[in-house]
Amino acid sequence: MKLPDAISSPNSKRVKNAVKLLKRHSRKTMGQFLVEGPQAVREALERHVELDLPGQSPGVPDWVGSVADPQGAVVELFITEEAAEAHPEFVTTVKTCDIHWNIITPEVLTELSATVNSQGVVAVCERLDVELTSVIDTEAQLIVVLSQVRDPGNAGTIIRLADAAGADAVVLTASSVDIYNDKTVRSTAGSLFHVPVVTGVGLAEVTELARARGLQVLAADANERAHDVHHPWDTGLDLSARTTWVFGNEAWGMSEKGLELCDSSAAVPIYGRAESLNLATAAGVCIYESARNQRM
């Protein structure tokens, strides 16, 4: 495969514009973000192909949008010669979809990459901004809410968990981490392009709408009133019901005000001597307990 000449200067206008997206302010003003690594870029390109389909094809969810509403579309691809040879399908896709692409040197890649050992490919994508009312409806079975979750690794991992468990959407409150942060995007491992993610809303707005649409609202919190997610039947908790799970901040959990917005709370039991569980781990247990019970 014959490749074009590589961009070797970090002062290239295209490179400099993409580098700006490493900063939150630029991501917001430009309406774009960076996706790094073969797995995430593959998912982004697959979504782009869905966007290019005429009309709304069977099996493509409504939130994906269309050519006229290109949320998540790939705008540009930067790839090293080595990565292009390892993943020729990327080059084929960008050519077919008429996406601008660039061969870059490893030195230029270090300017675009937020990781120490980058895997040779970075994509510029349009933001995936979704409205709350488009995902919390009367058909939604499982919604995951992150309230004041600040750690990008936890947020990204929970988005990946929600995708794997078949959740309908993930919602991040206004005070939570930026989902377009490079660490968050990387932690989703491409799931950001599979499950709709709503940002910038208040917890009260989410819980009120969820309840109005017939979903129970459960706080994941180990308070004295909390149900045991492994033995919900002992306390009358129905995990087979349509559910909105709310997960609080990594350090201080759910506030009393936040708990008051929920119908009840549930906790993962600790059988050993660990003081607590990592937020993403606890979220995984809760989300999968609901997914399992809803499918039984």
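Just so it is clear, the model here is predicted, and its values are computed rather than measured. Each chain carries its own residue numbering, running from 1 in the written order of its sequence. In view of the model being predicted, local features appear only for residues whose pLDDT reaches at least 70, and side-chain atom pairs are presented and counted only at 80 or more, with totals across whole chains, interfaces and linings using the full set of residues. Values reported for side chains reflect all heavy atoms of the structure, with hydrogen atoms and water molecules removed beforehand.

On to the sheet that holds strand S3 (residues 100-104), then. What the four strands build is an open sheet, ordered S1-S4-S2-S3; its pairing is mixed. The strands lining the two open edges of the sheet, one partner per strand, are strand S1 (32-36) and S3. Averaged over all adjacent pairs, the angle separating strand axes in this sheet is 20 degrees, with direction ignored. Bridge analysis of strand S2 (residues 74-80) against S3 gives five bridges, and the strand direction is parallel. Its bridge partner lying in S3, Thr80 is registered against Ile104. DSSP bridges decide pairing: two strands pair if at least two such bridges lie between them. Numbered from the N terminus, helices here are DSSP runs of H or I no shorter than four residues, and strands are runs of E no shorter than two. Angles here are taken between N-to-C directions and fall from 0 to 180 degrees, while the axes themselves are lines fitted to C-alpha atoms, restricted in helices to the stretch in contact.

To continue, consider the domain arrangement of the chain. These domain limits were set by an automatic method or by a database of domain assignments. Each assigned domain of the chain is listed with its residue range as follows: domain 1 (13-126) and domain 2 (132-294). Centre-to-centre, using C-alpha coordinates, domain 1 lies 29 Å away from domain 2. Any two residues whose heavy atoms approach within 4.5 Å are treated as being in contact. Counting residues at the interface gives 16 residues for domain 1, matched by 14 residues for domain 2. Summed over both partners, the accessible surface that disappears when two parts come together, traced with a 1.4 Å probe, is what is meant by buried area. Between domain 1 and domain 2, roughly 1,300 Å² of surface is buried when both sides are summed, and carbon and sulfur atoms account for 66% of that area. Throughout this description, the term salt bridge denotes a Lys or Arg side-chain nitrogen within 4 Å of a carboxyl oxygen of Asp or Glu. If you look at where domain 1 meets domain 2, you find two salt bridges. A salt bridge links Arg27 to Asp178; its shortest N-O distance comes to 2.7 Å. Polar contact criterion, stated in full: a pair of N or O atoms within 3.5 Å, where within protein one must be able to donate a hydrogen and the other to accept it, and residues adjacent in sequence count only if both atoms are side-chain atoms. Summed over the shared surface of domain 1 and domain 2, the number is three residue pairs in polar contact (both at pLDDT 80 or more). Elements with a contribution of two residues or more to the side of domain 1 that touches domain 2: helix H2 (24-30), S1 and helix H3 (38-52). Residue contributions to the side of domain 1 that touches domain 2 peak at five residues, all from H3.

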